[in-house]
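Per-entry structural report
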Amino acid sequence: MTDQPSATLGILGGGQLAQMLALAAIPLGVRPVVLEPDAQAPARLCAEHLHAPYTDPAGLERLAQCDVVTLEFENVPVEALDALRGRVPVRPGADLLARSKHRAREKAALREAGAKTAPFVVIEQAADLQGALRQVGGRGILKTSELGYDGKGQARVSSDFELGQAWDDLGGVPCVLEGLVPFEREVSLAVARSAAGGLAFGPLVENVHRNGILRTSVYPAQSPDGTEARARDMARAVAEAWGLEGLMTLEFFQLPGGELLVNEVAPRVHNSGHLTQDGGGVSQFEAQVRAVLGLPLADFAPLLPCAMVNYVGVEGAVPDWAAIDALPGTHVHLYHKAWRAGRKLGHINLVAPDEATLRERLRVLEGLIP
Ligand code: AMP
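Residues numbered from 1 in each chain as written. Predicted model: local features only at pLDDT ≥ 70, side-chain atom pairs only at ≥ 80, totals over all residues. Heavy atoms only, no water.

Points about the overall build of the protein
- In terms of regular secondary structure, the protein is built from 11 helices and 17 strands.
- Over its C-alpha trace the protein gives a radius of gyration of 21 Å, about what one expects of a compact globule, namely 21 Å for 370 residues.
- Judged by the C-alpha coordinates and their principal axes, the protein covers about 70 × 50 × 45 Å.
- For the protein, the proportion of contacts with a sequence separation of at least 24, taken over those separated by at least 6, is 62%.
- Working note: accessible area of the protein is about 15800 Å², and carbon and sulfur atoms make up 50% of it.
- Side chains of the protein give 34 positive and 44 negative charges; the mean places of these two sets differ by 1 Å. (Helix = DSSP H or I, 4+ residues; strand = E, 2+ residues; numbered from the N terminus. Rg over C-alpha atoms; globule rule 2.2 N^0.38 Å. Contact = heavy atoms within 4.5 Å. Areas by Shrake-Rupley, 256 points an atom, 1.4 Å probe, with all protein chains shown as cover. Lys, Arg positive; Asp, Glu negative; His and termini not counted. Charge placed at Lys NZ, Arg CZ, Asp CG, Glu CD.)

Right, dumping it as C-alpha cells:
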C-alpha cells in the first residue's frame with residue numbers, strides 16, 4: 001500500500017526535450033523510461049534508457065508496460081505506434097502526429113479547424129509549379145512537406161525560375177509553397193489537454209530566430225492587447241478539432257495590428273517554452289507530464305518576466321560562462337551533447353522582477369552567448 005502518487009511514463013526519443021520531460025516527471029512521483037537509439041542521448045542521465053531502435057520489439061514491450069507513453073518528436077516511425085496501439089495510451093495519438101509531421105496536411109487541418117495560415121499551394125509534381133507563386137502573392141518560401149526543421153529543407157523564392165530551381169534543389173519531393181508573410185513579430189503559445197478534455201494554456205511568448213534557428217524567447221510578448229486571447233482561441237479550436245491528448249505548441253506570425261497566422265504546430269513541448277522552467281510557474285515539461293497522465297493541471301504561465309537564449313555551437317567561440325553566472329537571474333541548462341557547429345547544446349534562462357530589468361539584462365546576456 002502506498003499513499004503517494006506513482007506512475008511510469010514512457011517517452012519516445014531521448015534528446016534534450018526528453019531529458020527535461022524526465023526531470024519534470026521525477027518530482028511528481030513519475031519514473032521516466034526513454035526509448036532512444038543514441039547511446040549518448042541527453043536523457044540517458046535521468047531516465048531508464050532503453051538503448052535500441054524505435055522499432056525494437058523488446059524496447060516497445062517495455063514501453064507497453066508503462067502507464068502512458070508520450071513523445072519528444074513528431075517523426076516517430078509508424079511501426080512503433082502500431083506496435084503500441086491498444087496496449088498503452090500514446091499521447092498525443094497517431095492521428096494527430098500524422099497531421100503535424102506533414103506540412104500540407106497540417107495546413108489543411110488547421111484551416112478546417114478554423115485557424116488562419118499564410119496563403120499556400122501544395123507542390124507534388126512539376127505541373128503544380130505553374131502559376132503557384134502568383135497564387136501566393138509573388139514572393140514565397142518553398143518548404144518540404146516532411147522532415148524539415150530549424151529552417152532546413154526550405155528556400156525563399158521570388159520568381160518562377162527561382163521556384164523551379166528551388167524545387168529541384170530540394171530533390172523534387174512533395175512541398176508546400178507559402179506566401180512570404182510581412183510579420184511584425186513571431187509568437188508562440190502551448191496548449192495542454194487531458195484525455196478527459198480539460199484544457200490549460202501556456203504563455204504567449206515572443207521569438208527571434210537567427211539562421212532559421214530560435215535565438216531568443218521573451219515573456220511577456222510585446223503584442224497588442226487581445227493578441228494572447230486570439231492565440232488561445234485558435235489553440236483551443238485546434239486542440240479540440242484534432243482531439244489533442246497531451247501538449248502542443250502553435251507558432252504564429254503576428255501581423256501589424258495583431259492578427260495571427262499559424263506557421264506550424266509541434267505536438268509537444270517546444271524550444272520557445274523553455275523559459276517556463278524558471279519563471280516561477282509550472283513548466284511546459286510538467287504541463288505535458290500532467291496532461292498525458294491525467295494529473296491536475298492549470299494554466300502554466302510564468303509568474304515573472306523571463307527570457308531564454310539558446311546556446312548553439314559556433315566555430316571558434318564559446319559563451320562567457322563566468323559572466324553568465326554573475327548576471328542576476330540566470331539559469332544554465334546543458335544537454336550533455338558532444339560539441340558540433342550549429343547544434344543546440346543548451347539554453348540559458350533569465351528571470352527578472354520587472355520587464356525593464358529583464359530587457360536590460362537580456363541585452364547583456366545575448367552579448368555573452370555567441
Ligand atoms: P519554419 O521552419 O516554418 O518554422 O520557418 C523558419 C523561419 O522562417 C520562421 O520562424 C520565420 O522566421 C521564417 N518563415 C517561415 N515561413 C515564413 C513565411 N511564410 N513568411 C515569412 N517568414 C517565414
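Don't stop here, the text continues.
With respect to the sheet that holds strand β7 (residues 154–157)
- The 4 strands are arranged β5-β8-β6-β7 in an open sheet whose pairing can be described as antiparallel. Each having just a single partner strand, β5 (120–123) and β7 make up the two edges of the open sheet. Going across the sheet, the axis of each strand differs from the next one's by a mean of 20 degrees, ignoring polarity.
- One ladder, built from 4 bridges, connects strand β6 (residues 140–144) with β7; its direction is antiparallel. Within the sheet, the bridge partner assigned to leucine 142 lies in β7 and is alanine 155.
- Taken strand by strand, helix α7 (residues 160–169) contacts β5, β6, β7 and β8 (175–179), and its axis lies near 170 degrees from that of β7. (Pairing = 2+ DSSP bridges. Axes fitted to C-alpha atoms, helices over the stretch in contact; angles between N-to-C directions.)

Details of the site of the ligand
- In the vicinity of the ligand lie 16 residues, with Lys143, Glu178, Val181, Glu186 and Glu264 positioned nearest.
- Side-chain polar atom of lysine 143 to an oxygen atom of the ligand: 2.7 Å apart, as the coordinates give it.
- A distance of 2.9 Å separates an oxygen atom of the ligand from a polar side-chain atom of glutamate 264.
- When the ligand is considered free in solution it has 480 Å² of accessible area, and contact with the protein chains removes 93% of it.
- Of all the secondary structure elements, the ones that give two or more residues to the shell around the ligand are β6, β7, β8 and β14 (260–266).
- Among the residues forming the shell around the ligand, the class breakdown is 5 nonpolar, 5 polar and 6 charged.
- Formed jointly, the shell around the ligand draws a minimum of three residues from each of two domains, domain 2 (119–179) and domain 3 (185–368). (Near = heavy atom within 4 Å. Polar contact = N/O pair within 3.5 Å; in protein donor to acceptor, adjacent residues only side chain to side chain. Nonpolar A, V, L, I, M, F, W, Y, C, P; charged D, E, K, R; others polar. Domains from an automatic or database assignment.)

Some details on the pattern of salt bridges
- Within this structure, the stated rule accounts for 16 salt bridges.
- Glutamate 245 is the salt-bridge partner of arginine 91, the closest N and O atoms lying 3.2 Å from each other. With arginine 91 in the loop between α3 (78–84) and α4 (94–100) and glutamate 245 in the loop between α8 (227–241) and β13 (246–254), the pair connects residues that are 154 residues apart, well separated along the chain.
- Accessibility expressed as a relative area gives 15% for arginine 91, which makes it buried.
- Connected through shared salt-bridge partners, Arg31, Glu48 and Arg62 make up one network. (Salt bridge = Lys/Arg side-chain N within 4 Å of Asp/Glu carboxyl O. Buried < 20%, exposed > 50% of the residue type's maximum accessible area, 1.4 Å probe, protein only.)

Regarding unusual backbone geometry
- Backbone torsion omega between arginine 91 and proline 92 reads -5 degrees, so that peptide bond is classified as cis.
- By the secondary structure assignment, proline 92 is in the loop between α3 and α4.
- Here the amide bond leading from tyrosine 219 into proline 220 is cis, since omega sits at 0 degrees, within 30 degrees of zero.
- Note that proline 220 resides in the loop between β12 (213–219) and α8.
- For asparagine 211, which is not glycine, the phi dihedral falls at a positive 50 degrees.
- Summarising the element assignment, asparagine 211 is placed in the loop between β11 (205–210) and β12.
- Even without a glycine there, the phi angle at histidine 336 is positive, about 55 degrees.

A look at the side chain of threonine 216
- Structurally, threonine 216 can be placed in strand β12.
- On the basis of relative accessible area, threonine 216 is assigned to the buried category, the value being 3%.
- Within the structure, the side chain of threonine 216 is placed 3.3 Å from the side chain of glutamate 366, a separation counted as a polar contact.
- Leave out the neighbours within four places in its chain, and threonine 216 touches Glu206, Asn207, Val208, Met308, Val309, Leu362 and Glu366.

What to know about the side chain of asparagine 349
- Tracing the backbone through its elements, the reader meets asparagine 349 in strand β17 (residues 344–351).
- A polar contact of 2.8 Å, which involves the side chain of asparagine 349, links it to the side chain of aspartate 278.

Quick word on the packing of helix α1 (residues 16–25) against helix α9 (residues 284–293)
- Remark: α1 packs on α9, axes separated minimally by 8 Å, with the N-to-C direction vectors making an angle of 70 degrees. The orientation of α1 with respect to α9, classified from their angle, is roughly perpendicular. Within the contact between the two elements, α1 uses Leu17, Met20, Leu21, Ala24 and Ala25 and α9 uses Phe285, Glu286, Gln288 and Val289.
- Of the residues that constitute the contact of α1 with α9, the class distribution is 7 nonpolar, 1 polar and 1 charged. (Parallel < 35°, antiparallel > 145°, perpendicular 65-115°, else oblique.)

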